[in-house]
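# A structural walkthrough
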Amino acid sequence: PPDRGLELGTDLAFRHQPPTAVAIQCLRRSGDGGNLLLADGLAVADEIRRTAPSMMMRLESCRVLHEERTGRWHYRETRPVVDTVSGQAAIYLGREKRIVAAADADMVDLAVTRFKETARHHDFCVSVDFRPGEMMFLDNTRVLHGRSAIEGAAKLILHWQKCYLQLDDFAAQYRRWAEPARI
């Protein structure tokens, strides 16, 4: 099947303590396409709330089911499709996530489509030509991230790695490292 890229979203947002930051590093790349896409999730949510308030209300009230089985771990959580509580924009969309049956499934589908289209609009989304050796730290509670389609998939080699962080833990550890040695 042709590569369509990766949808914009936040990583592991369904977990009890989702990572507040993600570090992404590009290890290898050749060919065209596969750019890193970044969008401000809160700005997208505010735009939908302004232009289609009933759609935004539906996204914030409809629940999505996420299941992940990794070795001995099995997570099963339901959360709103879009959660903008406390100035965060956790977006629970993408692979292995499905919307829990809703009476107005058509309205939910329209709202999800509208959100995805708005997030990819040039007013909210930037495409970064991510090259080997480069690394980005992103606020995983606000910055939606994905990947553009790969052109000529047989010719492109793309390898990224990710690391997840809790910013509060990272800041505390940094302060401890930065303190002058006590004797």
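Now for a quick tour of the structure.

Looking now at the overall build of the protein chain. When helices and strands are tallied, the protein chain shows four helices and 14 strands. Considering the protein chain as a whole, with its 183 residues, one finds that 38% of them fall into the buried category. Look at the contacts in the protein chain between residues 6 or more apart in sequence, and 79% of them connect residues 24 or more apart.

Looking now at the nonpolar core. In this structure, Leu8, Leu59, Val81 and Phe115 are the most contacted members of the largest nonpolar core, which totals 22 residues. Elements supplying a minimum of two residues to this core: strand 4 (36–40), helix 1 (41–51), helix 2 (53–61) and helix 3 (105–120). Top element by residues in this core is helix 3. It accounts for five residues. In this structure, Ile24, Cys26, Leu36 and Leu138 belong to the second largest nonpolar core, which totals eight residues.

The next subject is the side chain of Asn140. Relative to the assigned elements, Asn140 resides in the loop between strand 11 (135–139) and strand 12 (143–147). Judged by relative accessible area, Asn140 falls into the buried class, the value being 3%. Polar side-chain contacts of Asn140 include one of 2.7 Å to the backbone oxygen of Asp11. Leaving out residues up to four positions away in the same chain, Asn140 has contacts with Thr10, Asp11, Pro19, Thr20, Ala21, Val22 and His145.

Buried within helix 1 are the following residues: Gly41, Leu42, Val44, Ala45 and Ile48. Buried residues in helix 1, looked at end-on, bunch into an arc of 160°, giving them a common side. Contacts made by the buried residues of helix 1 are with strand 4, helix 2, helix 3 and strand 12. Where helix 1 begins, the capping side chain belongs to Asp40, and its oxygen is found 3.1 Å from the backbone nitrogen of Leu42.

A word on the pairing of strand 4. The element strand 4 is extensively covered by neighbouring structure, given that four of its five residues are classed as buried. Direction of pairing for strand 4 relative to strand 12: antiparallel, over a ladder of five bridges. Bridging from a neighbouring strand, Ala39 pairs with Leu144 of strand 12.

Further remarks concern the environment of Val44. Mapping Val44 onto the fold places it in helix 1. Take Val44: its relative accessible area is 0%, and that puts it in the buried class. Along the primary structure Val44 and Phe124 are separated by 80 residues, whereas in three dimensions their C-alpha atoms are 6.8 Å apart. If near-sequence neighbours (up to four positions away) are discounted, Val44 is found in contact with Phe115, Thr118, Ala119 and Phe124.

Below, the discussion takes up the sheet that holds strand 1 (residues 6–9). Spatial ordering of the open sheet is given by 1-12-4-10, a layout of four strands whose pairing is antiparallel. In this open sheet, the two strands that pair with only one neighbour each are strand 1 and strand 10 (125–128). Ignoring strand direction, the axes of neighbouring strands in this sheet form an average angle of 15°. Set on the sheet, helix 3 makes contact with strand 1, strand 4, strand 10 and strand 12; between it and strand 1 the angle comes to about 90°.

We now examine helix 3. The terminal C-alpha atoms of helix 3 lie 23 Å apart, and with 16 residues this matches the ideal 22 Å at 1.5 Å per residue to within 8%. Of the positions making up helix 3, those classed as buried are Val108, Ala111, Val112, Phe115, Thr118 and Ala119. For helix 3, the angular spread of buried residues about the axis comes to 130°, placing them on one side. Looking at helix 3, the residues exposed on the side facing more than 90 degrees away from the buried face are Asp106, Leu110 and Glu117.

The rules behind these values
Residues numbered from 1 in each chain as written. Predicted model: local features only at pLDDT ≥ 70, side-chain atom pairs only at ≥ 80, totals over all residues. Heavy atoms only, no water. Helix = DSSP H or I, 4+ residues; strand = E, 2+ residues; numbered from the N terminus. Buried < 20%, exposed > 50% of the residue type's maximum accessible area, 1.4 Å probe, protein only. Contact = heavy atoms within 4.5 Å. Core = buried A, V, L, I, M, F, W, Y, C linked by side-chain atoms within 4.5 Å. Polar contact = N/O pair within 3.5 Å; in protein donor to acceptor, adjacent residues only side chain to side chain. Arc of directions from axis to C-beta. Pairing = 2+ DSSP bridges. Axes fitted to C-alpha atoms, helices over the stretch in contact; angles between N-to-C directions. Expected span 1.5 Å × (residues − 1).

Distances and angles like these do not, on their own, reveal function.
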